[in-house]
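An overview of the molecular structure
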Amino acid sequence: MAIEPYRRVLALPGVRTLLLVGLAARIPLTGTGMTLTLHVLDTQRLGFFQAGLVGAMSMLGTAAGSPLAGRFVDRHGLRPVLAGTTLAQLCFWCAAPALPFSALVTGALVAGVFSQPVFGVIRQCLAAMVPPERHQTGFALDSMAVEVSYMVGPAIAVACVTAFSSTVTMYGVAAGLVGSGVGLYLLNPPIRSPEESVAGETAVPRRRWLRPGLITLLGAVSALTFVLTATELSVVAMLTAGDATAWIGLVLAVWCAYSLVGGFVYGGLSRGLPPLVMMGAMCVLTAPVGWIGGPWWWLFATLLPAGVLCAPALSATVDAVNRRVPAAARGEAMGLHGTFLTVGGACAGPVAGGLLDAYGPAWALAVAGVGGTVLVLMAMPFQRGPAAPAGRPQYETVPLRIE
């Protein structure tokens, strides 16, 4: 592993700025869920069920709106989508502090549908700005940025609610989201490479690229966030049961650091690994974590093997999806990738929570790991070796007609 691949990618025109703006833009987005949860619990004085319902509606809306936003970006460009979604977020987050619970649930759903497509857009633009032979390094940088944003965003939300109030924090989220939208709007990174732009717009029927290989890959992507969410909840449960609640933040931070290190090493390798292999290994290594036992600090060791595979597996799935779709459908495909990530995390909450209540963290981790492995194994027969290299699509293109 060498530093040189990162230097070459970061030296490309606009890439460093895109990654920095993307990191800043993701932080308020990753803090929205925690802000809503604490607002329902602390300000509205309701229970965890109501807080979970608001969060679930927000995730459901995001899952539905992500591919739609990507499709609009493909067809109309980035700026109109950013303008519309940023305005929608401003309206919701400025009104949210005054909304009663029933209206907050509905508003969270609608705001989720019109969520800013920051995650998919950054990946779409990276695919256009970075040469195909350097996509592994570029997407690894993106995955590490995602990890950092999830470490920072929720922590800032908790700190602001504790220091001020959920109402002030919601106005802060509104300011952050508007700043993110304006920043990306002004930057306006390219969604297609110069070669793709010269080749001209093409309309590719969805049936030509949304094929069993891609669908099963996306299904396996859900296993990634399912296992990660189940692991997070199980770690909290294990430390709480062991009277080590004070160490929850440290353990989760170290777990995230493992992912960052793994992503950094993977991005510097000369050749990547199949995403299903890494996802399957992560699931298998997660299953026995709860059965190993020992004092709480043993989690630093037991979480290491699966933890280092998180960011590499995520970046490999982004690269695999990108290689399976044409440039004219890249935004919608990245949106679908985000949808399946969201669905996996949303399903893990109630499933893992039920297992934790009934059987404890060991069984929750085991079921999550085994279930994720099964999904990965089901997807493998549909992957006929590596996806076609960029420039050799396995789909038919049809010239776009403006009528």
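Here, the structure is the one placed above.
Residues numbered from 1 in each chain as written. Predicted model: local features only at pLDDT ≥ 70, side-chain atom pairs only at ≥ 80, totals over all residues. Heavy atoms only, no water.

**Some details on the overall build of the chain**
When its secondary structure is counted, the chain shows 20 helices and two strands. Relative to a compact globule of 403 residues, whose C-alpha radius of gyration would be 22 Å, the chain shows 21 Å and is just as compact. Taken over the C-alpha atoms alone, the chain extends approximately 60 × 45 × 40 Å along its principal axes. Looking at the 403 residues of the chain, the share that counts as buried comes to 50%. Contacts spanning at least 24 positions in sequence make up 86% of the contacts within the chain whose residues lie at least 6 apart. Working note: accessible area of the chain is about 18200 Å², and carbon and sulfur atoms make up 69% of it. Taking the average place of the 22 positive charges on the side chains of the chain and the average place of its 16 negative ones, the gap between the two points comes to 8 Å. (Helix = DSSP H or I, 4+ residues; strand = E, 2+ residues; numbered from the N terminus. Rg over C-alpha atoms; globule rule 2.2 N^0.38 Å. Buried < 20%, exposed > 50% of the residue type's maximum accessible area, 1.4 Å probe, protein only. Contact = heavy atoms within 4.5 Å. Areas by Shrake-Rupley, 256 points an atom, 1.4 Å probe, with all protein chains shown as cover. Lys, Arg positive; Asp, Glu negative; His and termini not counted. Charge placed at Lys NZ, Arg CZ, Asp CG, Glu CD.)

**Some points on the nonpolar core**
Generally speaking, soluble globular proteins have nonpolar side chains that are buried together. Counting residues in each nonpolar core, the largest one holds 47 residues, and the members touching the most others are Val15, Leu36, Val54, Phe92, Trp93, Leu104 and Leu126. It is helix H7 (residues 118-129) that contributes the most residues to this core, eight residues altogether. Setting aside its immediate chain neighbours within four residues, Leu36 contacts Val54, Ser58, Phe92, Trp93, Leu104 and Met170. Counting residues in hydrophobic clusters, the runner-up holds 44 residues, among them Leu218, Val227, Ala244 and Ala316. (Core = buried A, V, L, I, M, F, W, Y, C linked by side-chain atoms within 4.5 Å.)

**Thoughts on the side chain of Asp74**
Of note, Asp74 is situated in helix H4 (residues 48-76). No salt bridge forms around the buried Asp74; measuring N to O, its nearest opposite-charge neighbour Arg192 is 4.6 Å away. Only 2.9 Å separates the side chain of Asp74 from the backbone nitrogen of Gly331, close enough to count as a polar contact. (Salt bridge = Lys/Arg side-chain N within 4 Å of Asp/Glu carboxyl O. Polar contact = N/O pair within 3.5 Å; in protein donor to acceptor, adjacent residues only side chain to side chain.)

**A word on a nonpolar patch on the surface**
A contiguous nonpolar surface patch, about 370 Å² in accessible area, is contributed by Ile3, Val261, Phe264, Val265 and Leu269. Positionally, Phe264 belongs in helix H13 (residues 248-267). With relative accessibility at 31%, the residue Phe264 sits in the partly exposed group. (Patch = residues over 30% accessible without salt bridge, like charges linked within 9 Å, V, L, I, M, F, W, Y side chains within 5 Å.)

**Here we look at helix H2 (residues 15-30)**
Given a rise of 1.5 Å per residue, 16 residues ought to cover 22 Å, and the 22 Å separating the end C-alpha atoms of H2 matches this to within 8%. Restricting attention to buried positions, one finds in H2 the residues Val15, Leu18, Leu19, Gly22, Ala25, Arg26, Pro28, Leu29 and Thr30. Here the buried face of H2 lies against helix H1 (4-10), helix H3 (32-43), H7, helix H8 (135-163) and helix H9 (166-187). (Expected span 1.5 Å × (residues − 1).)

**Points about unusual backbone geometry**
If you check the backbone angles, Asn188 has positive phi at about 45° while not being a glycine. Position of Asn188 among the secondary structure elements: in the loop between H9 and helix H10 (194-199). Overall, Asn188 belongs to the partly exposed group, its relative accessible area being 34%. Although it is not a glycine, Asp243 sits at a positive phi angle of roughly 55°. Along the chain, Asp243 turns up in the loop between helix H12 (212-241) and H13.

Everything listed here is a matter of coordinates, which is why it stays silent on function.
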